[in-house]
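Read off the chains here:
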There are 2 protein chains.
Amino acid sequence: MVNENSATPAAIRALIEGELATFLGVQKTYLESIGSELTPASDALSSFLLDGGKRLRPLFAYFGFIGAGGSHSQEIIRACASLELLQACALIHDDLMDGSDTRRGKPAIHKHFEKLHSKESAVGSSVGFGQAAAILLGDLALVYSDLALHQSGIKNEMLPQVLAVHDEMRVELMAGQFLDIYEQTRSSHTVERALTIARYKSGKYTIERPLHFGASLATTDNNHLAEVTSHYSGYGLPLGEAFQLRDDLLGVFGDPELTGKPAGDDLREGKRTVLVATAQESMSAVDIKAFESQFGRSDLDSNAIAILRQILTDSGAIEHVENLITKLTNTAVEALDTPAITTEARQVLSELAITATKRSH
Amino acid sequence: MVNENSATPAAIRALIEGELATFLGVQKTYLESIGSELTPASDALSSFLLDGGKRLRPLFAYFGFIGAGGSHSQEIIRACASLELLQACALIHDDLMDGSDTRRGKPAIHKHFEKLHSKESAVGSSVGFGQAAAILLGDLALVYSDLALHQSGIKNEMLPQVLAVHDEMRVELMAGQFLDIYEQTRSSHTVERALTIARYKSGKYTIERPLHFGASLATTDNNHLAEVTSHYSGYGLPLGEAFQLRDDLLGVFGDPELTGKPAGDDLREGKRTVLVATAQESMSAVDIKAFESQFGRSDLDSNAIAILRQILTDSGAIEHVENLITKLTNTAVEALDTPAITTEARQVLSELAITATKRSH
């Protein structure tokens, strides 16, 4: 039975944030018992985790749990919240690898520590210190995600199956990230490769696997688990793709006030997204030349960004991608139409499909 | 009962390496099913893990298990082997953070991918690609260490207690690493701070926690586990310190042919070790000035290295540290004198104390 306070995504989000704050508070005390020099590390991680975030992965995990017949408990909230720590690792390392200096309108972790180092006129390279701190804080967040899951209080009998899903989603994430950095080094690109990267790096990791993670916390009945898991893939895979396509659009056209990232950030970083690969298939030779001469330049000004945006729009890719998002979202929502998923979860997952794909940040 | 083939560290090392090879083979097949672009990533990780390494952490874990009354099994070998994957993460990220370009006589992972990128004349920055690949391969190795442990086949009832030790050792490792990079940015140093860093970053992580990890796989009798764990700390903490002090000496005086690192590597990197902090307490003002003007310069030639070595020797720190290693090792071995640890393990752990502290690489 789900209690009244836990029925809506907003209420669950609040519970997740509460558990994250509690967990990070305990860890801060522990780190400071080793050395006060660790205070900046725990403060940076707390601020990174608590000052924003849509909590999509914990929410999908939680409603995946409810949909598989689970009953609300604080232990489940804690287990689901652990995915937000994994996401912190992914974002911290991603920002460093991409040289992306802003996150949610604030300095990325590597920039934050670079600035701390400069301000203190400390010994050695500020950039190097910022990079090293971001590598370690990402590692620490990854270990914390394990710790939070293990200490959540979930039943021991659930542990092997939830660990298996958790491991698989993390291997997929790292594989997708590796494909992504490799793709940026290639001189030719295809929509198909861009789709594979998006699927592993983002789609499966954001939606399908969190749902499976939640389901694996709800039941040890293998048949029931297999059935629910399969329906969740039917919902999660197309929705994950739609989620990533929305991200592609926001990376080019998003409002900096809402995304917390500079305007046209993906254009400056030269991100080989599905959007860009799709657009390039329909561009004229002249447009391809104009696009490639500017795309990925870190010094793009607002004028150059406007030109690149126009080329993308002229290619028809924006309209195509918007239609695709709608189509994929519909396919996802239709997959919820099964008695294998509880009625309550079906309703919330329909809402979350909109949250994930119609967002402005 | 331990079978005849599993009684010596050399035999256990061979079993561990066999399990690592099997594990990495399975993972390689999986990654390649996602995309052939992942082949260089799996190959680099396999070569990094299989072409060398003392396997100290798995060995301490295994004999920690035997000492707590455990009976040999392939499942335990697999669980202990997982610690080598964690160590791969630590080394890959450490080399990147330190800008240390050589590992076991071969290019470090970031250098390896930097070279691959250059050789292919790929798009973008070779250095940037090398860094990103090293971040991701370290992350992947960390996730693999979890996966290897979870899939080892150890009994479900052991899982919560072994996960707790595993999490603690990883948080300690990351905390120690953070203290280390922070220390390099300070303008003054103390032996006490250097000792704390060495304890968390290396000592506990290399010896005490692997022993605890092994013990937690051997028994669910809380009293027995607590007793063995306490004796292991009596052995592992001083031995861990001695291990790190030997590392400090090898980083300055080690033979490159044996260490696989350039001569005087720690002097070029300006590593603030216990050895250096101890030496500085006894240096003359003239020597301190001469030392600080060269220490940490990446362009040190063999002449400059010889001068720095002489200053360290003249300070009396080398002799002091050698005496300390002997004293700490003796203290460690004396702590084994308890019936709480099985006779067989006591003998092997006495040998491993020598392996860990009298080594040339």
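Bear in mind the structure is a predicted one, so any value in this text is a computation, not a measurement. (Residues numbered from 1 in each chain as written. Chains lettered and ligands numbered in written order. Predicted model: local features only at pLDDT ≥ 70, side-chain atom pairs only at ≥ 80, totals over all residues.)

Digging into the overall build of chain A
When its secondary structure is counted, chain A shows 16 helices and 2 strands. For 361 residues, the compact-globule formula gives about 21 Å, and the C-alpha radius of gyration of chain A, at 21 Å, lands near that figure. If one aligns the C-alpha atoms of chain A with their principal axes, the spans along those axes are about 60 × 55 × 30 Å. Put simply, chain A has 361 residues, and 53% of those count as buried. For chain A, the share of sequence-separated contacts (at least 6 apart) that also reach a separation of at least 24 residues comes to 76%. (Helix = DSSP H or I, 4+ residues; strand = E, 2+ residues; numbered from the N terminus. Rg over C-alpha atoms; globule rule 2.2 N^0.38 Å. Buried ≥ 20, exposed ≤ 12 C-beta atoms within 10 Å, placed from the backbone. Contact = placed C-beta atoms within 7 Å.)

Let's talk about the environment of Gln131(B)
Mapped onto the elements of the fold, Gln131(B) is located in helix α6 (residues 126-150). The contact partners of Gln131(B), leaving out residues within four places of it in the chain, are Leu96(B) and His110(B).

Regarding the relation of the copies chain B and chain A
The two copies are related by a screw motion: chain B maps onto chain A through a turn of 180° and a shift of 0.0 Å along the axis, at an RMSD of 0.0 Å. Here the transformation between the copies is reduced to the relation of a two-fold axis. (Least-squares fit on C-alpha atoms with pLDDT ≥ 70 in both.)

Focus on the domain arrangement of chain A
All names here are of chain A. In terms of domains, chain A is made up of domain 1 (1-154) and domain 2 (156-361). Distance between the C-alpha centres of domain 1 and domain 2: 21 Å. Each side of the interface is counted separately: domain 1 has 31 residues, and domain 2 has 34 residues. Secondary-structure elements contributing two or more residues to the side of domain 1 that touches domain 2 are α3 (56-67), α4 (74-98) and β1 (102-103). The element contributing the most residues to the side of domain 1 that touches domain 2 is α3, with 11 residues. Looking at the side of domain 1 that touches domain 2, its residues break down into 20 nonpolar, 7 polar and 4 charged. (Domains from an automatic or database assignment. Nonpolar A, V, L, I, M, F, W, Y, C, P; charged D, E, K, R; others polar.)

Let's talk about helix α2 (residues 39-50) of chain A
With 12 residues, α2(A) ought to run about 16 Å at 1.5 Å a step, and its terminal C-alpha atoms sit 16 Å apart, in line with that. For α2(A), the set of buried residues is Ala41(A), Ser42(A), Leu45(A), Phe48(A) and Leu49(A). Angular distribution of buried residues about the axis of α2(A) spans 130°; they occupy a single face of the element. Against α1 (9-34), α4, α5 (109-119) and α6 (126-150) of chain A together with α7 (159-183) of chain B lie the buried residues of α2(A). Positive phi appears at Gly52(A), one or two residues downstream of α2(A), with a value of about 155°. (Expected span 1.5 Å × (residues − 1). Arc of directions from axis to C-beta.)

Focus: the packing of α3(A) against helix α16 (residues 343-357) of chain A
Residue and element names in this part refer to chain A. One way to put it is that α3 packs onto α16 with a least axis distance of 9 Å and a crossing angle of 160°. Put simply, α3 runs roughly antiparallel to α16. Remark: the crossing between α3 and α16 carries left-handed chirality. Of the residues in α16, those touching α3 at Leu56, Leu59, Phe60, Phe63, Ile66 and Gly67 are Glu344, Ala345, Arg346, Val348, Leu349, Leu352 and Ala356. Along the lines of polarity and charge, the residues of the contact of α3 with α16 split into 10 nonpolar, 1 polar and 2 charged. (Axes fitted to C-alpha atoms, helices over the stretch in contact; angles between N-to-C directions. Parallel < 35°, antiparallel > 145°, perpendicular 65-115°, else oblique. Left-handed = near helix turned anticlockwise from the far one by under 90°.)

Considering the nonpolar core
Among the nonpolar cores identified, the biggest contains 220 residues, and Leu137(A), Ala141(A), Leu137(B) and Ala141(B) are the most heavily contacted of them. Here Ala141(B) is in contact with Leu45(B), Leu85(B), Ala88(B), Cys89(B) and Ile92(B), once residues within four sequence places are set aside. (Core = buried A, V, L, I, M, F, W, Y, C linked by C-beta atoms within 7 Å.)

As for the interface of chain B and chain A
On the chain A side, the residues contacting the 46 residues of chain B number 46 residues. Going through the elements one at a time, α1 (9-34), α4 (74-98), α6, α7 and α8 (191-216) of chain B are the ones with two or more residues in the side of chain B that touches chain A. For the side of chain B that touches chain A, the element with the most residues is α7(B), which contributes 14 residues. Classifying every residue of the side of chain B that touches chain A gives 29 nonpolar, 11 polar and 6 charged.

Quick look at the confidence of the model for chain A
Summing up the model confidence of chain A, the mean pLDDT is 93 and the portion of residues at 70 or higher is 98%. For this predicted complex, the interface confidence score (ipTM) comes to 0.94, while the overall pTM stands at 0.94. (pLDDT = per-residue confidence, 0-100.)

A closer look at the packing of helix α3 (residues 56-67) of chain B against α8(B)
Residues and elements named next belong to chain B. Contact geometry for α3 and α8: axes closest at 7 Å, N-to-C directions at 40°. Between α3 and α8, the crossing angle belongs to the class labelled oblique. Considering only the axes of α3 and α8, their crossing is right-handed. On α8, the residues touching Leu56, Arg57, Phe60, Ala61, Tyr62, Phe63, Gly64 and Phe65 of α3 are Thr206, Ile207, Pro210, Leu211, His212, Phe213, Gly214 and Ala215.

Notes on unusual backbone geometry
For Ser121(A), which is not a glycine, the phi torsion comes out positive at approximately 45°. Relative to the assigned elements, Ser121(A) resides in the loop between α5 and α6. The backbone of Arg55(B) sits at a positive phi, close to 60°, despite the residue not being glycine. With respect to the element layout, Arg55(B) can be found in the loop between α2 (39-50) and α3.

Details of the environment of His189(B)
All names here are of chain B. Secondary-structure assignment places histidine 189 in the loop between α7 and α8. Considered as a pair, histidine 189 and histidine 166 are 23 residues apart in the sequence and their alpha carbons are 31 Å apart. Discounting chain neighbours no more than four positions away, the residues touching histidine 189 are Glu183, Ala194, Arg272, Ala277 and Gln280.

A word on α3(A)
All names here are of chain A. Compared with an ideal rise of 1.5 Å per residue, which puts 12 residues at 16 Å, α3 spans 16 Å between its outermost C-alpha atoms and is within 8% of the ideal. Taking burial as the measure, the 12 residues of α3 include 12 buried ones, the bulk of the element. When we look at burial in α3, the residues that qualify are Leu56, Arg57, Pro58, Leu59, Phe60, Ala61, Tyr62, Phe63, Gly64, Phe65, Ile66 and Gly67. Those residues of α3 hidden inside the fold are in contact with α1, α4, α8 (191-216), α9 (222-253) and α16. Residue glycine 69 follows α3 closely and has a positive phi angle near 95°.

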